[in-house]
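Observations on the three-dimensional arrangement
Now for the letters of each chain:
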Amino acid sequence: MNLKIGLIGCGGMMGAHVKNGYAPLWEAGYREFEIIACCDVAEKSAANMADLIADWQGTQPRVYTSYEDMLDAEPDMAALDIVVTHSSHHTVAIHCIESGRHVMLEKPLAMTMRAGKLILDAVEAQGKVFSIAENYRRSIENRACNWLIKSGRIGNLRQLYWVGCRDRQWHWGWRDELDKAGGGWTFDGGVHSADLFRYHIGPVKCLTALSRQYDNIRYKDRENMSDPVEATIEDTTMALLEFENGVTGVWVESIVSPGESLGVQRVYGDEGSLDFGKGLKLRGRDEPTSMDELKDEFLGQLSEEQSDTFFPRGIRNPLAHEVHEFAEACLRSDSIETDGIEGFKAQAICMAIYESAALGMQPVTIRDVESLTVETYQRPLNEGLGI
Ligand SMILES: NC(=O)c1ccc[n+]([C@@H]2O[C@H](COP(=O)([O-])OP(=O)(O)OC[C@H]3O[C@@H](n4cnc5c(N)ncnc54)[C@H](O)[C@@H]3O)[C@@H](O)[C@H]2O)c1
């Protein structure tokens, strides 16, 4: 029996799930699933997604504009893939979990820690599969970097430098609205980074941070930079991190740095550095090993079994791995790499930044954020969500 899946939220990222996850798996012969329904509050988005799927699947998913109606009308639907606005993550996910379905939910787990905790409670009560669709760590680059770090090639880890400064003046819909997004790029993109920190280095113990909003104007007309609207998210955060294993880190995100952009993703050990773009450089060796060489080295040492796990049916797109892992977990109780707890812990690092900033750069422990002891930044968001 194949897994009957429903899709909720048929926007940009669901398009990527379908194009880079479900479709290539199907075309490579993995046909243990069927997408039977597509739901979006915008009917056209759901209908377009259903048409796209019908092209390769051969059967047309039914279209819904209410996920509650879809859950009621599709008793055979055992699993949901949810890709909606951050402010709806917990309501939609909890409803689906409590209806007895398996759920894969896009990152971040939820808009606040309190909302995330409600999801974790529902997952625990129902005992169904729950996956956070965290794709970054599943890329070949990150698999290779992880293998290299864990095998001790740069020695004992010391420091992390993670800086992304760019300039985004164009308006990005709900992502520029605090009550829909929960935070700026430090949260939306940053939760991937937080997950990578945990994956490559380990748990963060505490941090201190500041945040700024330098520029609250974004432009709806991207071509001409006209039609201004007000953004309510922060645009810059700077944080100092201390990991439980003693590693120290600097993490900076800004979307209001005009001119030359700045991007560094680097880890230092006591024997050398690993730059996630440039590759490996060991002390005393002039020539770095490029990321392409590291990837080849990583792929070359994988066993057949490991290769099949990381790259199901030989497909190297991280979204195929994520979807395949979810389907296998639903069908055969296989494990999930990024489950709800992983999602909660990655989210906590981002929220700790906002909490520390809201407290005037006071140090904040991740434990206090996870236990909902510190909620200064999140309180108004929780009130808006009614939780
Ligand atoms: N993993 C990644 O690399 C990645 C990349 C982009 C986005 N995302 C995540 O995916 C999610 C969605 O982002 P997006 O870029 O696709 O946004 P989007 O705005 O393009 O799509 C969201 C869709 O959800 C629909 N929607 C919202 N609430 C709904 C509800 N209650 N019921 C049904 N449909 C609903 C909207 O109409 C819209 O079509 C977010 O959580 C975002 O963080 C992840």
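**Quick notes on the site of the ligand**
Around the ligand there are 25 residues in total, and G9, G11, G12, M13 and E106 lie nearest to it. No other element matches helix α1 (residues 12-27), which puts three residues into the shell around the ligand. The class makeup of the residues in the shell around the ligand is twelve nonpolar, nine polar and four charged.

**Description of the domain arrangement of the protein**
Each assigned domain of the protein is listed here: domain 1 (3-136 + 313-338) and domain 2 (138-306). For domain 1 versus domain 2, the separation of C-alpha centres amounts to 26 Å. If you look at the interface, domain 1 gives 15 residues, while domain 2 gives 14 residues. Here the residues of the side of domain 1 that touches domain 2 are counted per class, giving four nonpolar, seven polar and four charged.

**What to know about the environment of G164**
Looking at where G164 falls in the secondary structure, it is placed in strand β7 (residues 157-165). For the pair formed by G164 and T186, sequence separation is 22 residues and the distance between their alpha carbons is 9.8 Å. Contact partners of G164, with chain neighbours within four places excluded, come to E253 and G263.

**With respect to the sheet that holds strand β6 (residues 130-133)**
The strand order across the open sheet built from six strands is β3-β2-β1-β4-β5-β6, with neighbouring strands paired in parallel fashion. The open sheet is flanked by β3 (62-64) and β6, the only strands paired with a single partner. The mean angle between the axes of side-by-side strands here comes to 25°, regardless of whether they run parallel or antiparallel. In terms of strand pairing, strand β5 (residues 102-106) meets β6 through four bridges, oriented parallel. When the bridges of β6 are listed, E106 appears paired with A133.

**As for the packing of helix α9 (residues 190-200) against helix α13 (residues 340-358)**
When two helices pack together, you describe them by how their axes are tilted relative to each other and by the distance separating the axes. Packing of α9 against α13 leaves a shortest axis separation of 8 Å and a crossing angle of 115°. Taken as a pair, α9 and α13 cross one another with a handedness that is right-handed. On α13, the residues touching G190, V191, A194, D195, F197 and R198 of α9 are K345, A346, Q347, I349 and C350.

**As for the sheet that holds strand β12 (residues 248-254)**
Strand order in the open sheet formed by eight strands is β15-β14-β13-β7-β12-β11-β8-β16, with mixed pairing between adjacent strands. Two strands close off the open sheet at either side, each with one partner strand: β15 (279-282) and β16 (364-365). Pairing analysis gives seven bridges linking strand β11 (residues 236-243) to β12, with the strands arranged antiparallel. Note on β12: the bridge partner recorded for L241 is G249.

Thresholds, definitions, all that
Residues numbered from 1 in each chain as written. Predicted model: local features only at pLDDT ≥ 70, side-chain atom pairs only at ≥ 80, totals over all residues. Near = placed C-beta within 6 Å. Helix = DSSP H or I, 4+ residues; strand = E, 2+ residues; numbered from the N terminus. Nonpolar A, V, L, I, M, F, W, Y, C, P; charged D, E, K, R; others polar. Domains from an automatic or database assignment. Contact = placed C-beta atoms within 7 Å. Pairing = 2+ DSSP bridges. Axes fitted to C-alpha atoms, helices over the stretch in contact; angles between N-to-C directions. Left-handed = near helix turned anticlockwise from the far one by under 90°.

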